[in-house]
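# Analysis of the macromolecular model
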Amino acid sequence: MEYQNPQPVAGPVSGPVDAVPALAATGRTVISEAAVAKVAGIAARAVPGVYSLGSGPSRALGAIRDAVGNIDHAAGVRVEVGETQVAVDIDVVALYGTALHALAGQIRAAVYNAVEELVGLEVIEVNIEIIDVYVPGPAKTAAPGEVRPAREAIQ
């Protein structure tokens with residue numbers, strides 16, 4: 001569903017648009033679910049402790065998109081948009097060592113603020129599912145002077 005605002009613009013508009021008749025200032029605004037999901041996704045990714053959004057397959061597809069320079073900011077985010085309200089569901093992969101309940105609260109606050117300020121819709125809920133925890137592997141550095149054994153030849 002898309003949000004549509006059929007209300008006319010109230011009051012005079014300042015600047016060079018003042019010369020436009022009042023009827024020309026009417027119209028409707030449509031905000032798609034994809035746009036709302038993108039705003040929510042960008043806000044969620046900006047929270048420290050978030051490694052990525054989305055499930056395994058969507059993260060794999062996102063890695064391919066990132067490699068070619070086409071980032072999907074809405075991956076892992078689902079929204080339901082009504083006339084004046086929106087509900088958001090987010091799948092999160094957290095960084096190991098991050099307090100998960102606190103992280104969910106920070107994501108929720110960031111998404112509420114971003115969607116209400118940038119989109120202008122009332123957020124009725126932000127549901128967060130932490131689906132995984134990313135554990136970075138050990139750093140692979142060779143010690144100076146370390147000699148690795150040669151592989152045996154296959155016969």
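Residues numbered from 1 in each chain as written. Predicted model: local features only at pLDDT ≥ 70, side-chain atom pairs only at ≥ 80, totals over all residues. Heavy atoms only, no water.

## Some thoughts on the overall build of the protein chain
Put simply, the rule is: To qualify as a helix, a DSSP run of H or I must reach at least 4 residues; to qualify as a strand, a run of E must reach at least 2; elements of each kind are numbered from the N terminus. Think of it in three bands: with a 1.4 Å probe and only protein chains considered, a residue is buried below 20% of the maximum accessible area for its type, exposed above 50%, and partly exposed in between. Only heavy atoms matter for contacts: two residues are in contact if any of them lie within 4.5 Å across the pair. For every accessible area listed, the method is Shrake-Rupley and the probe measures 1.4 Å; residues are considered covered only by the protein chains on display.
The helix and strand tally for the protein chain stands at three helices and six strands. What you see in the protein chain, going N to C, is helices and strands ordered as β-β-α-β-α-β-β-α-β. Taken across its 155 residues, the protein chain has 26% of its residues classed as buried. At a minimum sequence separation of 6, the contacts of the protein chain that also span at least 24 residues come to 71%. About 10,500 Å² of surface is accessible on the protein chain, with carbon and sulfur atoms providing 56% of the total.

## A closer look at a nonpolar patch on the surface
As a reminder, the rule being used: In this analysis, a patch consists of residues with relative accessible area above 30% that form no salt bridge, clustered at 9 Å for like charges and at 5 Å for the nonpolar side chains Val, Leu, Ile, Met, Phe, Trp and Tyr. Any carboxyl oxygen of Asp or Glu within 4 Å of a side-chain nitrogen of Lys or Arg constitutes a salt bridge here.
Residues Tyr96, Leu100, Val133 and Val135 make up a contiguous nonpolar surface patch of roughly 390 Å² in combined accessible area. By the secondary structure assignment, Leu100 is in helix H3 (residues 100-119). Of the residues examined, Leu100 reaches a relative accessible area of 35% and is grouped as partly exposed.

## Things to note about the pattern of salt bridges
With the rule as written, the count across this model stands at one salt bridge. Note that Asp91 is salt-bridged to Arg78, the shortest N-O span being 3.1 Å. With Asp91 in strand S5 (residues 85-95) and Arg78 in strand S4 (residues 77-81), this pair connects stretches of sequence that are 13 residues apart.

## Details of the nonpolar core
Going by this rule: We define the nonpolar core as a collection of buried residues of types Ala, Val, Leu, Ile, Met, Phe, Trp, Tyr and Cys that are connected through side-chain atoms lying within 4.5 Å of one another.
Val36, Val86, Val88, Ile90, Ile107, Val111 and Val115 are the most contacted members of the largest nonpolar core, which totals 30 residues. Where this core is concerned, the elements lending two or more residues are helix H1 (33-45), strand S3 (50-53), S4, S5, H3 and strand S6 (122-134).

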